[in-house]
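Structure at a glance
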Amino acid sequence: MTETSEKNVFGIDGFVLKIIALITMTVDHVGVMFFPTVLAFRIVGRLSFPIFAFLLAEGSRYTRDPLRRIGMIAALGLVCELVFDLFYGHWYGNILLSLACSAALLYLLRSAKAAALSEDPDYKRSALYFAAFAAGVAGAFCFSYFLGVDYGFCGIMTPVLAGLFDFRGIKAGRTLGDFDCRTTRLFGLTVGLILVSVTNVFPFQAYCLFAVPIIALYNGRQGRLKPKYFFYAYYPGHLLLLSLLQFMIFRPPI
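Summary of the structure given here. Throughout, residues of each chain are indexed from 1 in the direction in which the sequence is written. Under the rules for a predicted model, residues below a pLDDT of 70 receive no local features and side-chain atom pairs below 80 are neither given nor counted, while totals for whole chains, interfaces and linings still include all residues. Processing note: side-chain calculations cover all non-hydrogen atoms of the structure and skip hydrogens and water entirely.

Some details on the overall build of the protein chain
- When you go through the protein chain residue by residue, the secondary structure sums to eleven helices and zero strands.
- What you see in the protein chain, going N to C, is helices and strands ordered as α-α-α-α-α-α-α-α-α-α-α.
- In this description the radius of gyration comes from C-alpha coordinates, and the expected globular size is given by 2.2 Å times residues to the power 0.38. At 19 Å, the protein chain has a C-alpha radius of gyration in line with the 18 Å of a compact globule built from 254 residues.
- Its C-alpha atoms put the protein chain at 70 × 40 × 35 Å along the principal axes.
- Note on exposure labels: buried denotes an accessible area under 20% of the residue type's maximum, exposed denotes more than 50%, and partly exposed covers the range between, all computed with a 1.4 Å probe on protein chains only. When the 254 residues of the protein chain are sorted by exposure, 44% land in the buried category.
- Contacts in the protein chain between residues far apart in sequence, at least 24 positions, make up 74% of those at least 6 positions apart.
- Note on areas: Shrake-Rupley with a 1.4 Å probe; residue coverage comes only from the protein chains shown. Taken as a whole, the protein chain presents about 13,800 Å² of accessible surface, with 71% of it coming from carbon and sulfur.
- We treat Lys and Arg as the positive residues and Asp and Glu as the negative residues; His and chain ends play no part in the count. Here the site of a charge means NZ on Lys, CZ on Arg, CG on Asp, or CD on Glu. With 22 positive and 15 negative side-chain charges, the protein chain shows a spacing of 5 Å between the two charge centroids. Each helix is a run of H or I in the DSSP string that is no shorter than four residues. Each strand is a run of E no shorter than two, and both are numbered from the N terminus. Whether two residues touch is decided by their heavy atoms; if any such pair falls within 4.5 Å, the residues are in contact.

Things to note about the layout of surface pockets
- Using a 1 Å grid laid over the protein atoms alone, points where a 1.4 Å probe fits but cannot get out form a cavity; open sets with protein on both sides within 12 Å along at least 5 of 7 lines form a pocket; any residue with an atom within 4 Å of a point counts as lining. Grid points are joined across faces, edges and corners, and a volume is the space filled by probe spheres set on the points. Here the second largest pocket is characterised by a volume of approximately 320 Å³.
- As for the second largest pocket, its lining consists of 15 residues, of which Val83, Phe84, Leu239, Leu240 and Ser243 are closest to the centre.
- Listed by contribution, the elements that provide at least two residues to the lining of the second largest pocket are helix H4 (66-88) and helix H11 (228-250).
- Split into classes, the residues belonging to the lining of the second largest pocket amount to 13 nonpolar, two polar and no charged. Polar here means any residue outside two lists: the nonpolar Ala, Val, Leu, Ile, Met, Phe, Trp, Tyr, Cys and Pro, and the charged Asp, Glu, Lys and Arg; Gly therefore counts as polar.

Structural notes on helix H3 (residues 48-62)
- Given a rise of 1.5 Å per residue, 15 residues ought to cover 21 Å, and the 21 Å separating the end C-alpha atoms of H3 matches this to within 8%.
- Burial runs high along H3: twelve of the 15 residues are buried.
- For H3, the complete set of buried residues consists of Ser48, Phe49, Pro50, Ile51, Ala53, Phe54, Leu55, Leu56, Ala57, Glu58, Gly59 and Ser60. Here, expected helix span is obtained from the residue count minus one, scaled by 1.5 Å.

Considerations on the side chain of Asp166
- Take Asp166: it is sitting in the loop between helix H7 (152-162) and helix H8 (174-177).
- What makes Asp166 buried here is its relative accessible area of 4%.
- Not counting residues within four places of it along the chain, the set of residues in contact with Asp166 comprises Ala57, Arg61, Arg110, Lys113, Asp180 and Arg185.

Structural notes on the side chain of Ser60
- Mapped onto the elements, Ser60 comes out in helix H3.
- Take Ser60: its relative accessible area is 18%, and that puts it in the buried class.
- Only 2.6 Å separates the side chain of Ser60 from the backbone oxygen of Ala57, close enough to count as a polar contact.
- Not counting chain neighbours up to four residues away, the residues in contact with Ser60 comprise Arg69, Leu106 and Arg110. Think of a polar contact as two N or O atoms within 3.5 Å of one another; within protein, one of them needs to be a possible hydrogen donor and the other a possible acceptor, and neighboring residues in sequence only count if both atoms come from side chains.

A short note on the nonpolar core
- To qualify as a nonpolar core, a set must consist of buried Ala, Val, Leu, Ile, Met, Phe, Trp, Tyr and Cys residues joined through side-chain atoms within 4.5 Å. Formed by 55 residues in total, the largest nonpolar core has its most connected members in Phe54, Leu105 and Tyr235.
- Among the elements that make up this core, the one with the highest residue count is helix H5 (residues 95-117) (twelve residues).
- Contact partners of Tyr235, with chain neighbours within four places excluded, come to Met25, His29, Cys80, Phe84, Tyr92, Asn94, Ile95 and Leu96.

Examining the packing of helix H6 (residues 123-146) against H7
- Interaxial angles span 0 to 180 degrees and are taken between N-to-C directions of axes, which are lines fitted to C-alpha atoms, for helices over the stretch in contact. Close contact between H6 and H7 brings their axes to 8 Å; oriented N to C, the two are set at 145 degrees. Here Phe133, Val137, Ala140, Phe141 and Ser144 of H6 come into contact with H7, specifically with Gly152, Phe153, Ile156, Met157 and Val160.
- For the contact of H6 with H7, a count of residues per class yields eight nonpolar, two polar and no charged.

Okay, here's the thing in structure tokens:
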């Protein structure tokens, strides 16, 4: 299946998916901060991570400067982590750090596939990228195991599984090309979400699988509106706002 054949006018585009992810994430954080005993907020919030994971895998195909993208996510994650650690008094492991690891692994994997499947294959370069990818997976496991990040090691690998058979823009042979379709990307995402669910201590984590039918409506288009910096800034911005509201509402009387 070609890339253009996967695009259609029906369904929802990437911009709408991002808005859904932001809304459900915000609902989740409102529940954590203001209604910790009401599970409905947390259940709705389970829909956000699968959408972010899928869009990260999609974005690895379309981004013009993958290293800059990885650096931006990682830098923002480190800044947020510093604030969280000062606020909570311990390592938090925010989701941006998880996604930065995923983006780096997706870059290495795609580079390895591109080097091996180009018109003039460079198998040595491909082997180096595959070795770097394997080392990156091991590093991500150690990072998540010893320090801890949102959704753990399986969360880091979920976008990678979604992009495992993504050969768009790479001239793969017919055998590999047959695996390159939206179904295999959704299947990889679903496998990752199942692993996240069974390895997570929260019993309601399995509700994340309800995001798969929503993602299946994706029409393959990025959308006309592309305020990418808004999406990067929204995560720390909305947490700061909610934290200020929490302090104003629950601060002890003087």
